[in-house]
Amino acid sequence: MQNISEIPKSLLSLIGNTPLVEVTHLDTGPCRLFLKLESANPGGSIKDRPALSMIEAFERSGQLQPGGTLVEATAGNTGLGLALVAAAKGYRLILVIPDKMSREKVFHLKAMGAEVVMTRSDVGKGHPDYYQDRAAKIAAELPGAVFVNQFANPANPRAHETGTAPEIWEQMGRDVDAVVCGVGSAGTLTGISRFFAKASPQTEIILADPAGSILVDVVEGRPPGQPGSWLVEGIGEDFIPEIADFSRVSRGFAITDAQSFAAARELLKKEGILAGSSSGTLLAAALRYCREQSAAKRVVSLVPDSGNKYLSKMFNDFWMTDQGFIERPRQGDLRDLISRRHDEGAAITIGRDDTLNTAYARMKLYDVSQLPVLDGLKVVGIIDESDLLLAVFADRRHFANPVDSAMSHGIQTLSPNAPLSELLSVFDQGHVAVVVEDDRFLGLITRIDLINHLRRKVD
Ligand code: PMP
């Protein structure tokens, strides 16, 4: 039992000392694979440690005074880690964020007390609106402010050299053959490399990199290819971070988004570990490494953040299908374009006797602007936001009226074997396409479904 005097008085003392767990339901070849759950940090990611270490370094050097301001350019886990530490220590935090970042991330950072400055995401390094340059300028002009700059800050890798790595070493009983790691700022990889260089130089350091990032080419000694794009978040770069030290990296694996997402989903299914997308990349690379070995090795990798941030993406079958990562059996007709099929129980519909209030709530819940109205399996109408508005504008009590009273009747339907060009004429009239076969409702096709379909074809 814990003595009450040992209970920490601040969340900050819960940063680090994360658990290690062995993977036992995946094929690890002759090896044993262990994962360090950095997702168990109080801010939810591997970036709590460097956030604390960088802020404490600024305090020690005197650059950061009580009540001072921290400025960083990030929408990711570093922002959350800094927000946690800044709040606990009473600092102001300004985060400069490119405007392409998801609303959830921005809301999360604001909820934690960070001030968010939005900047353009369509400009590159050297432009005054580029998020890094903008953050550096804000920090330079604001009295008492420091630019955290995780890509060049030595206290970032130090957090891992003195925390993450020695914990792994002790938890593994001082016997580790390889560590598989990703690179965002390179804090983790550089710090772990430095610790093992001294403690266990024979321990291999392996890079797991998203396909499209240039880093795998750099560690494999190839001239870097054209940087591509990837959907995995938090790792992979189109430049080499200033703090990166790849001298101890013996191998790199390029992992596609499809492989990363499949690995993260498998990890949840087989081991019950809800891990983020970069964990998928690390796991896919670690498993490849393990299966290639002929000797039994003890391999460690990481879960840098939790999968709860990715529930609407990587863990959402509709998103995975839209992106082309889940292949549905092809029918060769319009059915292939319906993202939420009614026969799979996925379409969002409403009954003709339901109230307008229910229609409104359903539109809000699923973020859709129209609902097909069903009577059994048959579509009898469609209700959209304009129908709803028209019905309730004069009298709000009409929210209690049935959908039947406000829906558009006499809708035009398409059969699954209609040509794609018919979709365009439906969209031209401002409608969505309602696909019906033998009086049975199959699903809706919207403009974005057609765009998704055309994009999948290009890929
Ligand atoms: N995974 C995730 C989800 C991250 O947010 C980060 C940090 N960008 C990393 C991995 C990589 O960590 P590092 O910055 O230490 O290279």
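Quick notes on the rules
- Residues numbered from 1 in each chain as written.
- Predicted model: local features only at pLDDT ≥ 70, side-chain atom pairs only at ≥ 80, totals over all residues.
- Helix = DSSP H or I, 4+ residues; strand = E, 2+ residues; numbered from the N terminus.
- Buried ≥ 20, exposed ≤ 12 C-beta atoms within 10 Å, placed from the backbone.
- Contact = placed C-beta atoms within 7 Å.
- Near = placed C-beta within 6 Å.
- Nonpolar A, V, L, I, M, F, W, Y, C, P; charged D, E, K, R; others polar.
- Axes fitted to C-alpha atoms, helices over the stretch in contact; angles between N-to-C directions.
- Parallel < 35°, antiparallel > 145°, perpendicular 65-115°, else oblique.
- Left-handed = near helix turned anticlockwise from the far one by under 90°.
- Pairing = 2+ DSSP bridges.
- Right-handed = clockwise from strand over helix to strand, strands pointing away.
- Domains from an automatic or database assignment.
- Expected span 1.5 Å × (residues − 1).
- Bend = angle between axes of the 7 residues up to and from the residue.
- Core = buried A, V, L, I, M, F, W, Y, C linked by C-beta atoms within 7 Å.

### Regarding the overall build of the protein
What the protein contains, in helices and strands, is 14 helices and 16 strands. Out of the 459 residues belonging to the protein, those deemed buried represent 41%. Counted over contacts in the protein with a minimum sequence separation of 6, partners at least 24 positions apart contribute 64%.

### Examining the environment of R341
One can find R341 in the loop between helix 10 (317-322) and strand 11 (350-351). For R341 and L442, which are 101 residues apart along the polypeptide, the C-alpha to C-alpha distance reads 6.0 Å. When sequence neighbours within four positions are dropped, the list of residues in contact with R341 reads A346, A347, L442 and G443.

### So, the site of the ligand
Lining the immediate environment of the ligand, one finds 19 residues, of which G184, S185, G234, S278 and P304 sit closest. Its residues assigned to classes, the shell around the ligand comprises five nonpolar, eleven polar and three charged.

### Side note on the environment of I451
Among the secondary structure elements, I451 is positioned in helix 14 (residues 447-458). Given 11 C-beta atoms within 10 Å, I451 falls into the exposed group.

### So, the packing of helix 11 (residues 356-366) against helix 12 (residues 385-393)
It is the contact of helix 11 with helix 12, at a shortest axis distance of 11 Å, that shows an interaxial angle of 140 degrees. Between helix 11 and helix 12, the angle falls in the class oblique. Judged by the sense of rotation from one axis to the other, the crossing of helix 11 with helix 12 is left-handed. The residues of helix 12 that touch helix 11, namely those facing L356, A359 and Y360, are L388, A391 and V392.

### What about the sheet that holds strand 10 (residues 298-303)?
Here we have six strands laid out as an open sheet, ordered 1-2-10-7-8-9, and mixed in their pairing. Either end of the sheet is taken by a strand with one partner, and the two such strands are strand 1 (20-23) and strand 9 (249-255). Within this sheet the neighbouring strands show an average axis-to-axis angle of 25 degrees, counted without direction. Inspection of the sheet shows strand 1 paired to strand 2 (residues 32-37) by four bridges, in the antiparallel sense. Counterpart to L20 in the pairing with strand 2 is K36.

### Focus: the packing of helix 8 (residues 257-271) against helix 9 (residues 277-292)
Following both chains from N to C, one finds helix 8 and helix 9 inclined at 95 degrees, their axes separated by 7 Å at the closest point. Relative to helix 9, helix 8 is oriented roughly perpendicular. Of the residues in helix 9, those touching helix 8 at Q259, S260, F261, A263, A264 and L267 are S277, S279, G280, T281, L283 and A284.

### Here's the deal with unusual backbone geometry
Phi angles above zero are rare outside glycine, and N17 is one such case at about 50 degrees. Structurally, the position occupied by N17 is in the segment before strand 1. The class of N17 is exposed, set by 11 C-beta atoms lying within 10 Å. For A186, which is not glycine, the phi torsion reads 80 degrees and is therefore positive. For A186, the location among the structural elements is in the loop between strand 7 (178-181) and helix 6 (187-199). The exposure class of A186 is buried, given the 27 C-beta atoms found within 10 Å.

### Quick word on the pairing of strand 4 (residues 92-98)
One face of the sheet, then the other: side chains in a regular strand alternate in exactly this way. With five of seven residues buried, strand 4 lies mostly within the body of the structure. The parallel pair strand 4 and strand 5 (residues 115-119), bridged by helix 3 (residues 103-111), forms a crossover whose chirality is right-handed.

### Thoughts on the domain arrangement of the protein
Segmenting the protein into domains produces domain 1 (13-41 + 155-309), domain 2 (48-147) and domain 3 (328-458). Here domain 1 and domain 2 have C-alpha centroids that lie 26 Å from each other. Per-element tally for the side of domain 1 that touches domain 2: the top contributor is helix 5 (residues 155-171), with seven residues.

### Focus on helix 5
Taking 1.5 Å of rise per residue, the 17 residues of helix 5 would be expected to cover 24 Å, and the 23 Å separating its terminal C-alpha atoms lies within 8% of that figure. At E161, helix 5 is bent by approximately 30 degrees, the largest bend along its length. Buried residues dominate helix 5, accounting for twelve of its 17 residues. All of the buried residues along helix 5 are A155, N156, P157, R158, A159, H160, E161, G163, T164, A165, I168 and W169. Where helix 5 is buried, its residues meet strand 2, helix 1 (48-61), strand 7, helix 6 and strand 10. Following helix 5 by one or two positions, G173 has its phi on the positive side, about 65 degrees.

### Things to note about the nonpolar core
By size, the foremost hydrophobic cluster in this structure holds 59 residues, and its most contacted members are V179, V180, C181, L207, A285 and A286. When residues in this core are grouped by element, the largest group, eight residues, is from helix 9. Those residues in contact with V180 that sit more than four places away from it in its chain are I206, A208, L282, A285, A286, Y289, V299 and S301. Within the second largest apolar cluster, 33 residues are counted, among which are I15, M54, L84 and I97.

### Topic: the environment of A208
By the secondary structure assignment, A208 is in strand 8 (residues 204-210). With 33 C-beta atoms counted inside 10 Å, the residue A208 sits in the buried group. In sequence terms A208 and W319 are 111 residues apart; their C-alpha atoms lie 24 Å from each other. Each residue touching A208, except ones within four places of it in the same chain, is listed here: V180, C181, G182, F253, I255, T281, L282 and A285.

### Thoughts on the pairing of strand 9
With five of seven residues buried, strand 9 is to be regarded as a mostly interior element. Relative to strand 9, strand 8 runs parallel, the two being bridged by six bridges. Counterpart to A208 in the pairing with strand 9 is F253.

### A short note on the sheet that holds strand 16 (residues 440-445)
Backbone hydrogen bonds are what pair the strands of a sheet, in a parallel or an antiparallel way. Spatially, three strands are ordered 14-15-16 in an open sheet, and the strand pairing comes out mixed. Looking at the sheet topology across the chains shown, the edges are occupied by strand 14 (413-414) and strand 16. As judged from the five bridges shared by strand 15 (residues 433-437) and strand 16, these two strands associate in the antiparallel manner. The residue bridging V435 from the neighbouring strand is G443, located in strand 16.

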